[in-house]
Structure formats: C-alpha cells, structure tokens
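Commentary on secondary and tertiary structure
Listed here are the chains, written in short residue letters.
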Amino acid sequence: MTELLDVIDSFQELDSETEQAVRKYFIEEKFQKGEFIITEDKICSKIYFIKSGLVRRFYLEDGVEVTKWIYTDNQFITSLSSFFEQKPSFENFQASEETILYSLSYDDEQILLEYPLFSKFHIKLLRFYLSKLNEFHHFYASMNAQEKYLYLLNTLPQIILKAKLKDIASLIGVSPETLSRIRTQIN
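These numbers were taken from a predicted model, which means no experiment stands behind them.

Details of the packing of aromatic side chains
Applying the stated rule across the entire model yields eleven aromatic pairs. Aromatic pair Phe 83 and Phe 84: ring centres 5.4 Å apart, planes at 70°, arrangement edge-to-face. Sitting over the face of the ring of Phe 58, Arg 56 holds its NZ or CZ atom 3.9 Å from the ring centroid.

Quick look at the structure:
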C-alpha cells in the first residue's frame, strides 16, 4: 500500500483519517499473465493502481488486437468512459505478466470522494492525466514509428524492457518485422 500512498501524497498530502479510509477501500488483487482485468462490452466497476506488473490496453479491430497503451508500476488504470459513466467498455485491459493491483470499486470511490483531501487528490490527478494525455496525443500523433520507439525508450523504458515486441509494434503502428528493423538501426 506504500506505493499507492506515496503517489497520492505526491499530489495531495493526506491526513491520518483519509489515509485510513484509503487503506480500507483499496483492495489488493493479483492477476496472472493473460488474465483480463477489464473486458469490453462489460461495465468497468473499478479503478486500479498497479503495484507491480504490466498491463496492456487494447481493442479488437476486424479480429486483430490493436494495442493502445502499456502500463507499468505506479500507474492508475481504468476504462475511463466505462468507469466514470458506468456504461460498457469498448476496450480490454489484460495482465501481460503476473500483476498486483490495488482496486477501488465505483461505490467505494464515491465514499472516498466525501473526504475533502481525497477529493482534492482526485481532482489533481485527473487534471494531471488529462494534461499529459492531451500533450502526448499532440506530439505522438506527429511522430514516425522510429520517433515513437525512441520516445518510449527514453521516457518510458519499462515498456520497452517488459512488453512483448508484438505489443510494442502494435502500439507504434508497425509490424513486428518493421520494429525489428527500427531496433537494429538504433543499436
């Protein structure tokens, strides 16, 4: 739980009462490699924090899995529109290795939001993620495949170190063979 509380404190320091509530409502869960955490067409009822592991977010397009992102330690994950609006998800989240998560149910999140310091954290976290997401999509969309790979290598090396090559290739929009050529050119 220390990892989760450290991340929360980096956004908003909590008092002991709020910290105890966080400890009460976030539940540790373990997922094995290949196990689905969030499934498309089902309502996502939890938000998760990755204590350790690797999670791939993807959707199916004409029967082909298209990787949208790969998440590593100390990141929050959920199917945003599904969780916040309580409607079916259009994407899947799958453990790419044994993964330990802290989960918070939708109902328990509503309880925690009654704590002013948790609510402040929640707002700061959402603002941070929305800002980073906007910035990322602006720059990432204009990059070619090699620039995308270098971006991941330099800013998010855990993805390159831990994810399958086919998932990284899908993430940057190339075939595994093209990714191999990019990696050879860089090395």
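The rest of the description comes next.
With respect to the sheet that holds strand S8 (residues 99–105)
Read from one edge of the open sheet, four strands run S1-S8-S3-S6, paired in antiparallel fashion. Bordering the open sheet on either side are strand S1 (27–31) and strand S6 (76–77), each of which pairs with just one other strand. As paired strands, S1 and S8 are joined by five bridges and run antiparallel to one another. Along S8, the bridge assignment pairs Glu 29 with Leu 101.

Comments concerning unusual backbone geometry
Non-glycine residue Asp 62 carries a positive phi angle of around 55°. Mapped onto the secondary structure, Asp 62 falls in the loop between strand S4 (55–61) and strand S5 (64–71). The backbone of Gln 86 shows a phi angle near 50°, a positive value even though the residue is not glycine. Take Gln 86: it is sitting in the loop between helix H3 (80–85) and strand S7 (92–95).

Overview of the sheet that holds S5
Ordered in space as S2-S7-S4-S5, the four strands form an open sheet in which the pairing is antiparallel. Each having just a single partner strand, strand S2 (36–38) and S5 make up the two edges of the open sheet. Within this sheet the neighbouring strands show an average axis-to-axis angle of 35°, counted without direction. Where S4 meets S5, seven bridges bridge the pair, whose relative direction is antiparallel. Bridging from a neighbouring strand, Leu 60 pairs with Glu 65 of S5.

Reading the values: rules and limits
- Within each chain, residues carry numbers counting from 1 in the order of the written sequence.
- This being a predicted model, a pLDDT of at least 70 is required before a residue's local features are given, and a value of 80 or more before pairs of side-chain atoms are given or counted; all residues contribute to the totals for chains, interfaces and linings.
- As a rule here, side-chain values cover all heavy atoms of the structure and leave hydrogens and water aside.
- Pairing of aromatic rings covers Phe, Tyr and the six-membered ring of Trp, with a centre-to-centre limit of 6.5 Å; geometry is then stacked below 30 degrees between planes, edge-to-face above 60, and tilted otherwise.
- To sit over a ring, a charge needs its Lys NZ or Arg CZ within 6 Å of the ring centre and within 35 degrees of the ring normal.
- Strands qualify as paired when DSSP identifies two bridges or more between them.
- Helix numbering and strand numbering both begin at the N terminus, where a helix is a DSSP run of H or I of at least 4 residues and a strand a DSSP run of E of at least 2.
- To get an axis, fit a line to the C-alpha atoms, keeping to the stretch in contact for a helix; angles then go from 0 to 180 degrees between the N-to-C directions.

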